[in-house]
Amino acid sequence: MNAKVREPMGDRWFNAINLLVLGLFFLTVLYPLIFIISSSISDADAVVSGRVWLWPVGFSLEGYKAVFEYHKVWVGFANSLFYASVGTLFNVAVTILAAYPLSRKGLSGRNLIMFLFVFTMLFNGGLIPTYLLVKDIGLLNTRWALIIPEAMSVFNMIVMRTYFQTSIPHELLEASQIDGCNDFRFLWKIVLPLSAPILAVITLFYAVEHWNEYFNALIYLNDERKYPLQLFLRQVLIQNSVDTTMLDLDIKQAKEMEGLKYLLKYGLIVVSSIPLIVAYPFVQKHFVKGLMIGSLKG
Amino acid sequence: MPSEPLPLSPVPHTTRRTPLSGFGKSLRKHWQLYAMLAIPLLYVFIFKYGPMYGAQIAFREYVPAKGIWDSRWVGLDNIHRFFTNYDFWRIMRNTLGLSLYYLVAQFPFPILLALSLNYVKWNRFRKTVQLVTYAPHFISVVVIVGMILQFLDPRTGIVNIVLGIFGADPVDFMGNPAHFKSVYVWSQIWQNVGFQCIIFLAALSSIDPSLHEAAVVDGASKLQRMRHIDLPGLMPLAVILLILHTGQMMDIGFQKVLLMQNPVNLITSETIDTYVYKIGLLSQALNYSYATAIGLFKNIINLILILFVNSIAKKLRQESLW
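Residues numbered from 1 in each chain as written. Chains lettered and ligands numbered in written order. Predicted model: local features only at pLDDT ≥ 70, side-chain atom pairs only at ≥ 80, totals over all residues.

This part covers the environment of A:A93. Residues and elements named next belong to chain A. As for its position among the elements, A93 is in helix α4 (residues 71-103). What makes A93 partly exposed here is the crowd of 13 C-beta atoms within 10 Å. Separated by 110 residues in the primary sequence, A93 and T203 have C-alpha atoms spaced 10.0 Å apart. (Helix = DSSP H or I, 4+ residues; strand = E, 2+ residues; numbered from the N terminus. Buried ≥ 20, exposed ≤ 12 C-beta atoms within 10 Å, placed from the backbone.)

This next bit is on the packing of helix α5 (residues 88-106) of chain B against helix α10 (residues 180-205) of chain B. Residue and element names in this part refer to chain B. Put simply, α5 and α10 touch, their axes get as near as 10 Å, and they point 40 degrees apart. In terms of their interaxial angle, α5 and α10 are classed as oblique. α10 is crossed by α5, and the crossing has right-handed handedness. From α5, G97, L98, Y101, Y102, A105 and Q106 reach across to α10, where they touch K181, Y184, V185, Q188 and I189. In terms of residue class, the contact of α5 with α10 is made up of seven nonpolar, three polar and one charged. (Axes fitted to C-alpha atoms, helices over the stretch in contact; angles between N-to-C directions. Parallel < 35°, antiparallel > 145°, perpendicular 65-115°, else oblique. Left-handed = near helix turned anticlockwise from the far one by under 90°. Contact = placed C-beta atoms within 7 Å. Nonpolar A, V, L, I, M, F, W, Y, C, P; charged D, E, K, R; others polar.)

Turning our attention to the confidence of the model for chain B. Residue and element names in this part refer to chain B. Taken residue by residue, chain B gives an average pLDDT of 85. The fraction at 70 or more is 91%. Predicted confidence in chain B is weakest over helix α1 (residues 19-29), with a mean pLDDT of 69, and strongest over helix α2 (residues 31-54), with 94. Contacts for the low-pLDDT stretch residues 1-11, under 50 throughout, to residues beyond four places or in other chains number five contacts. Two summary scores accompany this predicted model of the complex, namely pTM at 0.86 and ipTM at 0.87. (pLDDT = per-residue confidence, 0-100.)

Turning our attention to unusual backbone geometry. Residue and element names in this part refer to chain A. The phi dihedral of N141 is positive, around 60 degrees, even though this residue is not glycine. Along the chain, N141 turns up in the loop between α6 (127-136) and α7 (154-167). Judged by C-beta crowding, with 12 C-beta atoms within 10 Å, N141 ranks as exposed.

Laid out in structure tokens, this is it:
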């Protein structure tokens, strides 16, 4: 507040301890992240024998080379890009179509419709009936199974609706109605251009969800060519099954397979996070904003 | 756009008379809005209400070839089968135990982080801490569990190497059922503490600054201000969040638990959701009805909990906030 005034002794202690606490939080969260990156570019030997503890030991891009050769990863990457882009586009469109009308005060039946949406947040039919439904309408093992059943999140819809209600001045609507502008046009020409921040937030929410999603793919897909990246990651990272035929190994390397497996894992973790790492610093504040709008009425 | 409305244009809001003709009018006037709603409504009816309708197979002996209606009605047999199941209490205990452990253990950390961030004047550091602590929230659950497995590996994991330095024997964290809950909970806290603190930061920024000014004038130290202004300011929110989270007790991070399971730790790691998944979709036998019944049991408890807990939160909010 008033930095010029010398702070009393107690407050200086407070500041020191506070910085210490914050530093602890900071390092606790940061350390595993650094460790992963360091391990991914270290020598296989050093990783397996545990000599890497903070900075890279030796330097080797073998892990990344293995990731690059592991062509399943690229199949997964391409699929995930597809699911994330097409799926998100679809999500955002459906969300707007629900959020905008429900943000309009004069709409009869608005509360009833809103209730129908909100109720699905409180109660659902469960895993098995949902699976059977997807199966019965013939979506099983199609790419649409990862897009249509999750077409909209009611939570995101409420966030967007809250934004429409609070940030689009009512006068705009009245003025354009007088000018003979219909609702479609008003939404398209006035509301959406004014809603760039919330559109960014919602797009990001959905995109991250698609990129990180594995469970629906696990139950709905059985054709590996349609698998998203996360399912291949699950094979390698969790089930520890590396398809060695994909790695171009000579005999010497086969001996080092164990070490290479570790490098492959660390490399995979880094590579699979690249889209998020690249986007994250730019979108972080939008996420925060979205959460704020959501908690306003959540 | 005209700067003032034309005098002859109809005024939109005053034409509503009785509710019935009001709806007819609204439909005619706003047909485009209803048209927009058609797609999302169709979506929730098919994909959200559809499964609710389908959930009736919990009370039948569902055979896919016969369809829902022609499968035999068995009433509460499936639920009864679950209640009398040898595994029932273990699964309930695991589910609730994991939830409670997480709920209690995570409680102080986002608050502490928010308070601490709030008193740092060094802006760059503050921003960096926020950037880093929010980041793990976006890591996928598969990668998180992959990281856990790497770090806790009994032979090569960094945790055991550090334990080794202090002369401790290596611990097989994933292979020992006793450790499952802790590994789950603390990795969950690690991943989410930053993101959860956001809402507390917002609450802190809405505390009336005149309180702090008055306290400074009265010679209060920072610690006193934190204890007597900030902490009481956060408590209503903290309590409400805690209560709301108890409403979701039965819904503990299913996807993560499933990934962390292995045959050895199943004794403590099997929760209702993972059990439903295995009974219904993984097992060779046809168990759709039984699995649905278990899921429905969970969802109904969930619904009751949420409604109950929300009404408490509402009352508290009225008393403590406004």
